[in-house]
Amino acid sequence: MAGGLKLERALEALELLLGRPGGPGTGSSSLQTVKRAALLATLNSNLAALEERFGQDPQWRELQRWRAEVGEQAAWLGSSADVSWSFTSQVLLLLLCLKKCMVLLAAAYRPAKPNPRSAEAAPALSPDTLSISQQRTVQSALQFVITLGLCPYLLPGVGLPLKSRTEFSAVVRDVVSPNMAPTAVHRLYASCTALLQIAEHPSLGILILTRHLGDLIAGLCQLGFCPTKEKGEQARPLEELKDLTEEKRTRCREALQSVLDRVYQPLVVRELLILQGGSKQALHTPGQEVKPLLAQAPAWLRRLCGHLLSERLTRPNGVQLVVRGILEGAGTGAAGGSGAEAAAADWRKCDMVARILASCPQQSLSLEDYYQQVCPQVLDLLHIQDKLTAHQFQRVATTTLLTMAREHPQLSVKYLLHPMLAPLLRCWGTAEAAMEDLPAGTVLVREAELSSCVEDVFKVYVVGNELSPVLLETLQPALGVIFSLYCFTKQNVCHLRSPCQEILLWVLEKSEREVALSTLEGFAGLGTMQFLHPLCQFQAASEGGAMITVRETISDEDEVLYQKVSSEQWQMEMLVDLLTHCQKSGLAGDFFICCLKELTHVAAEAEASLDAVPLPCEHLEQPHSQHLAGQQKKLRVLQLLAMLCESVSDTVFTGIAQVVEFVAATLQRACASIAQGSEGTVEAQTLSMSMGLAAAVLGGAVELKSGDFAVLKQLVPLLEEISRVHPEPVIQELAVDLRITICTHGAFSTPAVDTAAQTTLGKKPGSSRQGGQTHTNPAERPEDKTVRLSREQPPSNENARHTNSSLASNSGESSMQKECPAGTPTAEPISCVQAPQHLQELLLSAYDPEIPVRAAALRSLSRLIEQRDPEGLEIQEKLLKVFLENLEHEDSFVYLSAIQGVALLSDVYPEQILPSLLAQYEGTAGLQTAETRMKVGEVLMRVTRALGDMVSQYRAPLIHAFLRGTRDPDSTLRASSLSNLGEVCQRLHFQLGSVIQEGQS
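Model, not experiment: these values are computed from the prediction.

1. Brief notes about the overall build of the chain
Logical step 1: Within the chain, the regular secondary structure consists of 46 helices and 3 strands.
Logical step 2: Counting across all 1001 residues of the chain, residues that qualify as buried make up 48%.
Logical step 3: Restricting to contacts in the chain with at least 6 residues of sequence separation, those with at least 24 account for 73%.
Logical step 4: Carbon and sulfur atoms provide 53% of the accessible area of the chain, an area that totals close to 48600 Å².

Below, the structure written as structure tokens:
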């Protein structure tokens, strides 16, 4: 109890000395309102009041005795006639008495044992705990010590000057002049030493080191590190440091290091930056009032602060501490609020921190040593999970990484980019023999690691969005793995799908066009690309991500081949899906043209290999494998072109240049086909289409500028070659006319070019651009003219779909009679009287003898069904009949189009479509050939997959139909039926015994 009285007596003495008889306030004391001359009188009055109280009140004698004992121990405080220093000394003595009293109270405290019956009750406070009002008294006392006993004796540029603080501090500046104090350095030493002793108590240390850390650090830096000799106006005060012994200077250095290690490191970083000078301007927040510039810190202090900051930076988690020290001062951190939101929007602070981190300090042994210590911590900043600070930390990390990659690319690749990409490339870094020894399912890359890697790449590359050759080159080996992961995520629910897609699109957009096309070829399997290791696989993880595991070894060669083919097929589908996002940039169109050129190149290589001189038997294996690889590549290109035509053909070209490139590629292919003597119907139709497209461009489809003709001129040599080697006179003449139109920049255009252009654009042939005059194509055969004039103008939405057929008729390639040929299975043509005009045109074109025209019509009908066209759905029975009859066609282009149409119809009318298909498959409609039944079986499977769970209603007829197919004499049909039966059973969850029972019944 006596100790408690001593504590209260010490605090009461502090209140009396500070001039607050009415109790603690918040800055309304008379001491804070006096001006200059009255300040010294007030300090004298308070000192006299304190001494009078000590002399008159016997209850204060024990405190007076303690003050004397502490004064003897703190002889460095000294005595002086200077009122301001006498006041400061008395405040420090009372604070030291308070600290001594609190230490004794804490040592004598014996907490009572907790009562188990009241476990939820709060524990009793230690007797040395200060109340809120008592803490305010101590804070006021400390403020007087800092203002009167520390700051006035700091050199210019060291710490925050008094004039920039409170109004009271400005008054003190005029009262206390360091130039008039002969022992200024000793007073500074005494104040710092006393504050350090007071701060040894935890409660008092918190008040000192949180409120006055910067001033204390400034004083210790000046005492311990300020040089004793310096030229200029500051020479005289610096000479006083000679009076400070080396032992005291060493003690100050040790005390500074102890304080810096004891305090919360972000706060230390913040104060060191301020002490270094210029940080107030650097950390200015937009919208705040700009304060006047501070005096520049001395060179020795700037070097010292830089050294101390570098020490903090290279410690474990030092980078994060430095970043927190800067950003938390700007409003980020636990306090949050509107200040944190303002800091989030102020990207300049983050960029400033990034520049600091990217600059190697002078104290580092070497640049590489600095990168080796700091780079792992920079990557850790990308993984901050705190919602309030994650945005700032990630921006700092991204900007730091990009700056390092720009300034020191080799070191950044070694210590930043390669470690960041390591999880994606780990499978290839593991020896294959070692991987084969691992059991199936062994996790090589954990879910958290893979997710973190992909998200880091997204933040650095996509969010950072800096076009750097180093970044693109480093990411190139991992692109195949990222694309494989993207394909995997499209098959599952995975949160990595979006970042993978954004990374791939960013790379394709930022890379040079040739590099982007080469990357797409690699994705398609046409070039060199390092995908996921064949012994590894992606596997769905528990948190919605993915992980990389060892693949199970499969001994069945057929199963291995099936998985390989299905994986390549899915990758191509995902590549086309990726290209749908690249149409505006023109990349999809360039890749489409690239595939056309590749097809011509592969075909030429295949022809050359067939015409090569035969080799001896012992050398036949290598040419055969090369020929087989060439055939596989050709099939892959064909498959890719088919997918591109299906998905992005309508909007694939974005400008005249791409259209001209496309026409040039088709003309080159036509020239190659003619030279090889392999021109067929498809090649002829393709040539007609490309020349019609060129005519449409020249005939007013687009507005041509003078620069466009420079692009069109690349077609001149190809058209000249076509005019010389093509066997058809009509094509020759059209090629000559197109060449003339291009060379004259459209000043001269023949009727043949105008007619081809109008036909391609879907207008009535003969309507000219010039004044609506009608021209007659002199090269048009009479039967072609009859066919052309007999047609009605199709609606605009069907114009593109009839380009091939119209061009063929106007070029004289074939006469297309729009009626069912005699060889069709139907007894009479389809009746179209009740169908609208555009449907009549499509239904008649579905029986055209020309394969491209027929396939185009079937696909147009399928598109109407897919779009739920009301007029098309009204004649769904006629459409089904058209599709089923075209299943018999020998050309895969036609019957695959028919299969697609039937499958789309089944989505709309499954109950009506499936019985008809089952009847066709079982041969009840008279179509009993094995080939036709296999095609119908393929359609049945498409419909079965489309029906989903509804297929269980047709369980019995499906099983009976496919079981009957397994007993067919044709072995191919039996194999197809068995395959279909297995898939149906799998979808119906049937066991083999149940199927046998169904078949026997």
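2. Quick notes on the packing of aromatic side chains
Both the distance between ring centres and the angle between the ring planes are used here to describe each pair of aromatic rings.
Logical step 1: Under the criterion given, the structure shown has 8 aromatic pairs.
Logical step 2: Ring geometry for Phe 87 and Phe 144: centres 5.5 Å apart, planes at 65 degrees, overall edge-to-face. Remark: Phe 144 occurs in helix α5 (residues 132–149) and Phe 87 occurs in helix α4 (residues 83–108); sequence separation between them is 57 residues.
Logical step 3: We classify Phe 144 as buried; its relative accessible area is 11%.
Logical step 4: A centroid spacing of 4.4 Å and a plane angle of 10 degrees characterise the contact between Phe 483 and Phe 523, whose relative ring orientation is stacked. You can see Phe 483 sitting in helix α23 (residues 469–489) and its partner Phe 523 sitting in helix α25 (residues 513–523), a full 40 residues away along the chain.
Logical step 5: Among the residues examined, Phe 483 registers a relative accessible area of 0% and is labelled buried.
Logical step 6: Its relative accessible area of 2% is what places Phe 523 among the buried residues.
Logical step 7: Aromatic ring contacts, followed pair by pair, group Phe 483, Phe 523 and Phe 531 into a single cluster.
Logical step 8: The cationic tip of Lys 100 hangs over the ring face of Trp 66; the distance from NZ or CZ to the ring centre is 5.1 Å.

3. Quick notes on the packing of helix α17 (residues 347–358) against helix α19 (residues 390–407)
Logical step 1: It is the contact of α17 with α19, at a shortest axis distance of 8 Å, that shows an interaxial angle of 45 degrees. With respect to α19, the axis of α17 lies oblique. Of the two elements, α17 crosses α19, and the hand of that crossing is right-handed. Where α17 abuts α19, its residues Trp 347, Cys 350, Asp 351, Val 353, Ala 354, Leu 357 and Ala 358 lie against Gln 392, Arg 395, Val 396, Thr 399, Thr 400, Thr 403, Met 404 and Glu 407.
Logical step 2: Split by residue class, the contact of α17 with α19 holds 8 nonpolar, 4 polar and 3 charged.

4. Considerations on the pattern of salt bridges
Logical step 1: Enumeration according to the criterion identifies 23 salt bridges in this entry.
Logical step 2: Between Asp 590 and Arg 513 there is a salt bridge, with its nearest N and O atoms 2.4 Å apart. You can see Asp 590 sitting in helix α27 (residues 587–610) and its partner Arg 513 sitting in helix α25, a full 77 residues away along the chain.
Logical step 3: Bridged by salt links that share partners, the residues Arg 9, Glu 12, Arg 53 and Asp 57 form one connected network.

5. Concerning the environment of Leu 520
Logical step 1: Mapped onto the elements of the fold, Leu 520 is located in helix α25.
Logical step 2: Using a relative accessible area of 0% as the deciding quantity, one classes Leu 520 as buried.

6. Overview of the sheet that holds strand β1 (residues 443–445)
Logical step 1: In space, the 3 strands of this open sheet follow the order β1-β3-β2, with antiparallel pairing throughout. Strands at the two margins of the open sheet, each flanked by one partner only, are β1 and β2 (536–540). On average, adjacent strands in this sheet sit at an angle of 45 degrees to one another, irrespective of strand direction.
Logical step 2: Pairing of β2 with strand β3 (residues 546–550), which is carried by 5 bridges, proceeds in the antiparallel orientation.

7. Focus: the pairing of β3
Logical step 1: Within β3, 5 of the 5 residues are buried, which leaves the element mostly enclosed by the surrounding structure.
Logical step 2: Judged by which residues are buried, β3 turns out to be covered on both faces: Ala 546, Ile 548 and Val 550 on one side and Met 547 and Thr 549 on the other are all buried.
Logical step 3: Of the strand pairs in this sheet, β1 and β3 are connected by 2 bridges, and their pairing is antiparallel. For Val 445, the partnering residue across the bridge sits in β3 and is Ile 548.
Logical step 4: Turn length for the β2-β3 hairpin, with the two strands adjacent in sequence and antiparallel, is 5 residues, and the turn residue Gly 544 shows positive phi of about 85 degrees.

Cut-offs used in this document
Numbering of residues starts from 1 in every chain and runs along the sequence as written. In view of the model being predicted, local features appear only for residues whose pLDDT reaches at least 70, and side-chain atom pairs are presented and counted only at 80 or more, with totals across whole chains, interfaces and linings using the full set of residues. As a rule here, side-chain values come from all non-hydrogen atoms in the structure, and water together with hydrogens is ignored. Helical segments are the DSSP runs of H or I of at least four residues, strand segments are the runs of E of at least two, and each set is numbered from the N terminus. Relative accessibility thresholds used throughout: buried, under 20% of the residue-type maximum; exposed, over 50%; partly exposed, between the two (1.4 Å probe, protein chains only). Working rule for contacts: check all heavy atoms of both residues, and any pair within 4.5 Å makes them a contact. For the accessible areas, the method is Shrake-Rupley and the probe is 1.4 Å, while residue cover comes only from the protein chains on display. Here is the rule: rings of Phe, Tyr and Trp (six-membered ring for Trp) pair when centre to centre is within 6.5 Å. Planes less than 30 degrees apart are stacked, more than 60 are edge-to-face, and the remainder are tilted. Ring-over charges, as used throughout, are those where CZ of Arg or NZ of Lys falls within 6 Å of the ring centre and within 35 degrees of the ring normal. Under this scheme, a helix contributes an axis fitted over its contacting stretch, all axes are lines through C-alpha atoms, and angles between N-to-C directions fall in the 0 to 180 degree range. Any angle that is under 35 degrees is reported as roughly parallel, and any over 145 degrees as roughly antiparallel; angles of 65 to 115 degrees are reported as roughly perpendicular and all others as oblique. Each crossing gets its handedness from the near helix: less than a right angle anticlockwise from the far helix is left-handed, clockwise is right-handed. Residue type decides the class: Asp, Glu, Lys and Arg count as charged, Ala, Val, Leu, Ile, Met, Phe, Trp, Tyr, Cys and Pro as nonpolar, and the leftover types, Gly among them, as polar. In the sections that follow, a salt bridge refers to a side-chain nitrogen of Lys or Arg positioned within 4 Å of a carboxyl oxygen of Asp or Glu. The pairing criterion is simple: DSSP has to find at least two bridges between the two strands.

Geometry only, nothing functional implied.
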